[in-house]
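# Working through the structure, step by step
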Amino acid sequence: MPNRFRSLLSLLQRIEHVLDAVIQPVVFAGMAALIGVITLQIVSRVFFSAVGWTEEVARFLLVWITFLGATLAFQRGRHIAVTFVVDALPGRLQQLLRVAAVLVVLGFMIALVVIGHRYMQAQSFQKSASLRLSMTYVYAIIPISAAIMAWYALVDLIELIVKGPDTAAAIGSGTAEEPPP
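For the rest of this paragraph, the subject is the packing of helix H1 (residues 3-47) against helix H2 (residues 54-75). It is at 9 Å that the axes of H1 and H2 come closest, and there the two elements cross at 155°. On the basis of the axis angle, H1 is roughly antiparallel to H2. The interaxial crossing formed by H1 with H2 has left-handed handedness. The residue makeup of the contact of H1 with H2, split by class, is 16 nonpolar, 7 polar and 4 charged.

One non-glycine residue, Arg132, adopts positive backbone phi at about 60°. The topology assignment puts Arg132 in the loop between helix H4 (91-122) and helix H5 (135-139). Look at Arg132 and you get exposed, because its relative accessible area is 54%.

Should their charged atoms come close, side chains of opposite charge can pair. Throughout the structure, instances matching the rule amount to 5 salt bridges. Between Arg59 and Glu55 there is a salt bridge; the shortest N-O distance is 3.6 Å. Residue Arg59 and its partner Glu55 are both found in helix H2; the two are separated by 4 residues, about one turn of the helix. Arg59 sits in the partly exposed class, given a relative accessible area of 43%. According to the relative accessible area criterion, Glu55 is partly exposed, its value standing at 43%. Between Arg98 and Asp87 there is a salt bridge, with the nearest N and O atoms lying 2.4 Å from each other. Of this pair, Arg98 sits in helix H4 while Asp87 sits in helix H3 (residues 84-87); the two residues are 11 residues apart in sequence, bridging distant segments of the chain. In this structure Arg98 comes out as buried when scored by relative accessible area, which is 8%. On the basis of relative accessible area, Asp87 is assigned to the partly exposed category, the value being 38%. What you see here is one network of salt bridges that share partners, running through Arg45, Glu55 and Arg59.

Our next topic: H1. Along an α-helix, residues three or four apart share an orientation, since each turn contains 3.6 residues. End to end, H1 covers 66 Å across 45 residues, agreeing with the expected 66 Å (1.5 Å per residue, within 8%). Taken residue by residue, H1 has Leu9, Leu12, Gln13, Glu16, Asp20, Ile23, Val27, Gly30, Leu34, Val37, Gln41 and Ser44 as its buried positions. Taken together, the buried residues of H1 touch H2 and helix H6 (141-163).

All right, on to the side chain of Gln95 then. Tracing the sequence through the fold places Gln95 in helix H4. Residue classification places Gln95 among the buried positions, given a relative accessible area of 9%. A polar contact of 2.9 Å, which involves the side chain of Gln95, links it to the side chain of Arg92.

Attention now goes to the packing of aromatic side chains. Applying the stated rule across the entire model yields 2 aromatic pairs. When the ring of Tyr119 is compared with that of Tyr139, the centres are 4.9 Å apart and the planes differ by 80°; the resulting orientation is edge-to-face. Remark: Tyr139 occurs in helix H5 and Tyr119 occurs in helix H4; sequence separation between them is 20 residues. Owing to a relative accessible area of 19%, Tyr139 belongs among the buried residues under this scheme.

Examined against the element boundaries, Leu8 turns out to sit in helix H1. On a C-alpha basis, the gap between Leu8 and Val162 in space is 9.9 Å, while along the polypeptide they are 154 residues apart.

Let us look at the environment of Arg45. Mapped onto the elements, Arg45 comes out in helix H1. Of the residues examined, Arg45 reaches a relative accessible area of 52% and is grouped as exposed. Residues within four places of Arg45 in sequence aside, it is in contact with Ala50 and Glu55.

Reading the values: the criteria
- Residues numbered from 1 in each chain as written.
- Predicted model: local features only at pLDDT ≥ 70, side-chain atom pairs only at ≥ 80, totals over all residues.
- Heavy atoms only, no water.
- Axes fitted to C-alpha atoms, helices over the stretch in contact; angles between N-to-C directions.
- Helix = DSSP H or I, 4+ residues; strand = E, 2+ residues; numbered from the N terminus.
- Parallel < 35°, antiparallel > 145°, perpendicular 65-115°, else oblique.
- Left-handed = near helix turned anticlockwise from the far one by under 90°.
- Nonpolar A, V, L, I, M, F, W, Y, C, P; charged D, E, K, R; others polar.
- Buried < 20%, exposed > 50% of the residue type's maximum accessible area, 1.4 Å probe, protein only.
- Salt bridge = Lys/Arg side-chain N within 4 Å of Asp/Glu carboxyl O.
- Expected span 1.5 Å × (residues − 1).
- Contact = heavy atoms within 4.5 Å.
- Polar contact = N/O pair within 3.5 Å; in protein donor to acceptor, adjacent residues only side chain to side chain.
- Phe/Tyr/Trp six-rings, centres within 6.5 Å; stacked < 30°, edge-to-face > 60°.

Have a look at this one:
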């Protein structure tokens, strides 16, 4: 492949690593906050009167952590995949099937972005019970995480096309390289 495709792929992979570098600490901070909020909830129930907003914050944090964690797992190829049939195929056919699989994932993620955005808008009038927070912020993670996973799928697709069948087995099979620390 021409060098311009390889340089484009390199740029896309750098953007992918930047996204990963942003999401990782956000998930870590979310987990730390979740532990703190749940601890506060337990302590306040046992020793004082219960703090009402802790259950709601814990629920919202868990939703955001789950979706953002799913994007990290997707980027690393850690979601469940049954690849023994594809792995047994010759290189070009294996590459073709992997490209088809990535295209299906990309289509699903784009659909999830659209549907998640519509759902977010439909729930925009609703406020949370104790914090009176617009539920738009809670549901916003659906299209955000789907868009990030669509980006990761697009980078995988371009990598499959640019690098050819030699790297087809590494993409999306859970054997992909971990991003640099």
